[in-house]
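Read off the chains here:
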Amino acid sequence: MKNESNFIKRLLGSKERDRAFSELVNTYQERLYWHIRKLVGSHENADDVLQNTFVRIYKSLPNFRQQSSLHTWMYKIAYNESLRFIDREKNKYFSSSQEIESMIFTHFADQEYFDGNYIQEKLQSSVQQLSNKQKKIFYMKYYDDLKFKEISEILEVKEGTVKTIYYKAVDLIKQIVLNVEVK
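Visitor: I'm lost on the packing of aromatic side chains in this one. Help?
Guide: Each pair of aromatic rings is reported with the distance of its centres and the angle of its planes. Counting across every chain of the model gives nine aromatic pairs. For the ring pair Phe 21 and Phe 54, a centre distance of 6.2 Å and an interplane angle of 85° mean the geometry is edge-to-face. With Phe 21 in helix α2 (residues 17–40) and Phe 54 in helix α3 (residues 43–60), this residue pair connects regions lying 33 residues apart in the sequence. Per residue, the accessibility class of Phe 21 equals that of Phe 54, and both read buried. Ring centres 6.0 Å apart and planes at 15° place the aromatic pair Phe 138 and Tyr 166 in the stacked group. With Phe 138 in helix α7 (residues 132–143) and Tyr 166 in helix α9 (residues 159–178), this residue pair connects regions lying 28 residues apart in the sequence. Each member of the pair, Phe 138 as well as Tyr 166, is classed as buried. Here the aromatic cluster, defined as three or more aromatic residues joined through ring pairs, consists of Phe 138, Tyr 142, Phe 148, Tyr 166 and Tyr 167. When the ring centre of Phe 148 is taken as origin, the NZ or CZ atom of Lys 141, which lies over that ring, is 4.5 Å away.

So, how was this worked out
- Residues numbered from 1 in each chain as written.
- Predicted model: local features only at pLDDT ≥ 70, side-chain atom pairs only at ≥ 80, totals over all residues.
- Heavy atoms only, no water.
- Phe/Tyr/Trp six-rings, centres within 6.5 Å; stacked < 30°, edge-to-face > 60°.
- Helix = DSSP H or I, 4+ residues; strand = E, 2+ residues; numbered from the N terminus.
- Buried < 20%, exposed > 50% of the residue type's maximum accessible area, 1.4 Å probe, protein only.
- Lys NZ or Arg CZ within 6 Å of the ring centre and 35° of its normal.

Printed below as a string of C-alpha coordinates:
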(Lines give C-alpha, C1' and ligand atoms only; values in the text may rest on other atoms or scores of the structure.)
Protein backbone atom coordinates (compact mmCIF):
# COMPACT_ATOMS: atom_id res chain seq x y z
CA MET A 1 0.00 0.00 0.00
CA LYS A 2 1.41 3.36 -1.03
CA ASN A 3 2.28 5.78 1.74
CA GLU A 4 1.45 3.39 4.54
CA SER A 5 2.15 5.88 7.34
CA ASN A 6 -0.53 8.31 6.06
CA PHE A 7 -2.95 5.46 5.64
CA ILE A 8 -2.28 4.27 9.20
CA LYS A 9 -2.94 7.80 10.47
CA ARG A 10 -6.31 7.70 8.70
CA LEU A 11 -7.04 4.29 10.24
CA LEU A 12 -6.20 5.55 13.72
CA GLY A 13 -7.95 8.92 13.36
CA SER A 14 -11.58 9.28 14.34
CA LYS A 15 -12.73 11.22 11.25
CA GLU A 16 -11.69 8.85 8.49
CA ARG A 17 -11.37 5.59 10.40
CA ASP A 18 -14.41 3.81 8.92
CA ARG A 19 -13.65 4.90 5.34
CA ALA A 20 -9.98 3.94 5.70
CA PHE A 21 -10.94 0.59 7.23
CA SER A 22 -13.26 -0.08 4.30
CA GLU A 23 -10.31 0.59 1.95
CA LEU A 24 -8.19 -1.76 4.04
CA VAL A 25 -10.79 -4.52 3.74
CA ASN A 26 -11.08 -4.00 -0.03
CA THR A 27 -7.31 -4.07 -0.44
CA TYR A 28 -6.49 -7.10 1.72
CA GLN A 29 -9.67 -9.20 1.80
CA GLU A 30 -8.76 -11.59 -1.00
CA ARG A 31 -5.14 -12.08 0.06
CA LEU A 32 -6.12 -12.76 3.68
CA TYR A 33 -8.94 -15.04 2.55
CA TRP A 34 -6.56 -17.31 0.65
CA HIS A 35 -4.03 -17.26 3.49
CA ILE A 36 -6.78 -18.39 5.88
CA ARG A 37 -8.31 -20.83 3.39
CA LYS A 38 -5.04 -22.76 3.13
CA LEU A 39 -5.04 -23.17 6.88
CA VAL A 40 -8.69 -24.00 7.57
CA GLY A 41 -9.74 -25.80 4.39
CA SER A 42 -13.29 -24.93 3.42
CA HIS A 43 -14.74 -21.75 1.97
CA GLU A 44 -17.34 -21.46 4.73
CA ASN A 45 -14.75 -21.79 7.49
CA ALA A 46 -12.42 -19.35 5.74
CA ASP A 47 -15.20 -16.78 5.43
CA ASP A 48 -15.99 -17.08 9.14
CA VAL A 49 -12.34 -16.79 10.14
CA LEU A 50 -11.84 -13.86 7.75
CA GLN A 51 -14.76 -12.01 9.31
CA ASN A 52 -13.36 -12.65 12.80
CA THR A 53 -9.96 -11.49 11.55
CA PHE A 54 -11.28 -8.15 10.33
CA VAL A 55 -13.24 -7.64 13.56
CA ARG A 56 -10.06 -8.29 15.55
CA ILE A 57 -8.05 -5.99 13.26
CA TYR A 58 -10.60 -3.19 13.70
CA LYS A 59 -10.66 -3.56 17.48
CA SER A 60 -6.86 -3.85 17.67
CA LEU A 61 -5.97 -0.86 15.48
CA PRO A 62 -5.41 1.47 18.47
CA ASN A 63 -2.80 -1.04 19.72
CA PHE A 64 -0.91 -1.26 16.41
CA ARG A 65 2.62 -0.11 17.32
CA GLN A 66 3.93 -0.05 13.73
CA GLN A 67 6.88 -2.28 14.60
CA SER A 68 6.10 -4.24 11.45
CA SER A 69 4.24 -3.38 8.26
CA LEU A 70 0.46 -3.23 8.39
CA HIS A 71 0.40 -6.17 5.97
CA THR A 72 2.56 -8.35 8.25
CA TRP A 73 0.56 -7.37 11.33
CA MET A 74 -2.73 -8.35 9.63
CA TYR A 75 -1.30 -11.65 8.39
CA LYS A 76 -0.28 -12.44 11.95
CA ILE A 77 -3.81 -11.75 13.18
CA ALA A 78 -5.27 -13.89 10.37
CA TYR A 79 -2.82 -16.67 11.17
CA ASN A 80 -3.70 -16.59 14.88
CA GLU A 81 -7.44 -16.51 14.15
CA SER A 82 -6.98 -19.55 11.91
CA LEU A 83 -5.15 -21.40 14.69
CA ARG A 84 -7.93 -20.50 17.16
CA PHE A 85 -10.48 -21.89 14.72
CA ILE A 86 -8.51 -25.11 14.22
CA ASP A 87 -8.15 -25.53 17.99
CA ARG A 88 -11.91 -25.03 18.49
CA GLU A 89 -12.66 -27.58 15.77
CA LYS A 90 -10.18 -30.04 17.22
CA ASN A 91 -11.74 -29.71 20.65
CA LYS A 92 -15.25 -29.94 19.23
CA TYR A 93 -14.61 -33.25 17.50
CA PHE A 94 -11.77 -34.54 19.68
CA SER A 95 -9.75 -35.20 16.55
CA SER A 96 -6.03 -35.24 16.37
CA SER A 97 -4.40 -32.49 14.32
CA GLN A 98 -3.38 -35.16 11.78
CA GLU A 99 -7.04 -36.17 11.32
CA ILE A 100 -8.05 -32.54 10.82
CA GLU A 101 -5.27 -31.97 8.28
CA SER A 102 -6.27 -35.11 6.42
CA MET A 103 -9.88 -33.92 6.38
CA ILE A 104 -8.76 -30.50 5.03
CA PHE A 105 -6.71 -32.16 2.27
CA THR A 106 -9.64 -34.42 1.36
CA HIS A 107 -11.88 -31.37 1.22
CA PHE A 108 -9.42 -29.61 -1.12
CA ALA A 109 -9.17 -32.69 -3.36
CA ASP A 110 -12.97 -32.78 -3.66
CA GLN A 111 -13.23 -29.14 -4.78
CA GLU A 112 -14.01 -28.46 -8.43
CA TYR A 113 -11.06 -26.03 -8.76
CA PHE A 114 -8.71 -28.81 -7.66
CA ASP A 115 -7.95 -30.24 -11.08
CA GLY A 116 -6.65 -33.59 -9.89
CA ASN A 117 -3.33 -33.02 -11.61
CA TYR A 118 -1.07 -35.82 -10.41
CA ILE A 119 1.84 -33.57 -9.46
CA GLN A 120 -0.48 -31.13 -7.67
CA GLU A 121 -1.97 -34.01 -5.71
CA LYS A 122 1.54 -35.29 -4.90
CA LEU A 123 2.54 -31.79 -3.78
CA GLN A 124 -0.50 -31.45 -1.53
CA SER A 125 0.01 -34.94 -0.17
CA SER A 126 3.69 -34.29 0.51
CA VAL A 127 2.92 -31.01 2.28
CA GLN A 128 0.64 -32.97 4.62
CA GLN A 129 3.68 -35.02 5.67
CA LEU A 130 5.56 -31.94 6.89
CA SER A 131 5.63 -30.97 10.54
CA ASN A 132 3.16 -28.26 11.55
CA LYS A 133 5.89 -25.63 11.68
CA GLN A 134 7.27 -26.65 8.27
CA LYS A 135 3.76 -26.58 6.81
CA LYS A 136 3.00 -23.10 8.13
CA ILE A 137 6.26 -21.67 6.86
CA PHE A 138 5.94 -23.44 3.50
CA TYR A 139 2.39 -22.10 2.99
CA MET A 140 3.39 -18.55 3.85
CA LYS A 141 6.45 -18.56 1.59
CA TYR A 142 5.30 -20.69 -1.34
CA TYR A 143 1.61 -19.81 -1.60
CA ASP A 144 1.40 -16.37 0.04
CA ASP A 145 4.77 -15.22 -1.31
CA LEU A 146 5.72 -13.61 1.99
CA LYS A 147 9.31 -12.64 2.60
CA PHE A 148 11.30 -14.60 5.18
CA LYS A 149 11.43 -11.47 7.34
CA GLU A 150 7.63 -11.19 7.31
CA ILE A 151 7.21 -14.86 8.19
CA SER A 152 9.74 -14.40 10.98
CA GLU A 153 7.71 -11.52 12.41
CA ILE A 154 4.39 -13.35 12.10
CA LEU A 155 5.64 -16.52 13.77
CA GLU A 156 8.03 -14.72 16.14
CA VAL A 157 10.93 -16.94 15.06
CA LYS A 158 14.40 -15.87 13.94
CA GLU A 159 14.66 -15.28 10.21
CA GLY A 160 17.54 -17.76 9.86
CA THR A 161 15.42 -20.42 11.53
CA VAL A 162 12.55 -19.71 9.14
CA LYS A 163 14.88 -20.10 6.14
CA THR A 164 16.30 -23.36 7.45
CA ILE A 165 12.85 -24.82 8.12
CA TYR A 166 11.57 -23.71 4.70
CA TYR A 167 14.47 -25.19 2.73
CA LYS A 168 14.30 -28.46 4.67
CA ALA A 169 10.58 -28.61 3.88
CA VAL A 170 11.28 -27.98 0.19
CA ASP A 171 13.88 -30.75 0.18
CA LEU A 172 11.45 -33.16 1.82
CA ILE A 173 8.73 -32.26 -0.69
CA LYS A 174 11.15 -32.84 -3.56
CA GLN A 175 12.00 -36.26 -2.16
CA ILE A 176 8.36 -37.22 -1.87
CA VAL A 177 7.09 -35.75 -5.16
CA LEU A 178 10.01 -36.80 -7.31
CA ASN A 179 10.94 -39.95 -5.43
CA VAL A 180 14.58 -38.90 -5.43
CA GLU A 181 17.20 -38.40 -2.77
CA VAL A 182 17.97 -34.70 -2.29
CA LYS A 183 21.48 -33.79 -1.18
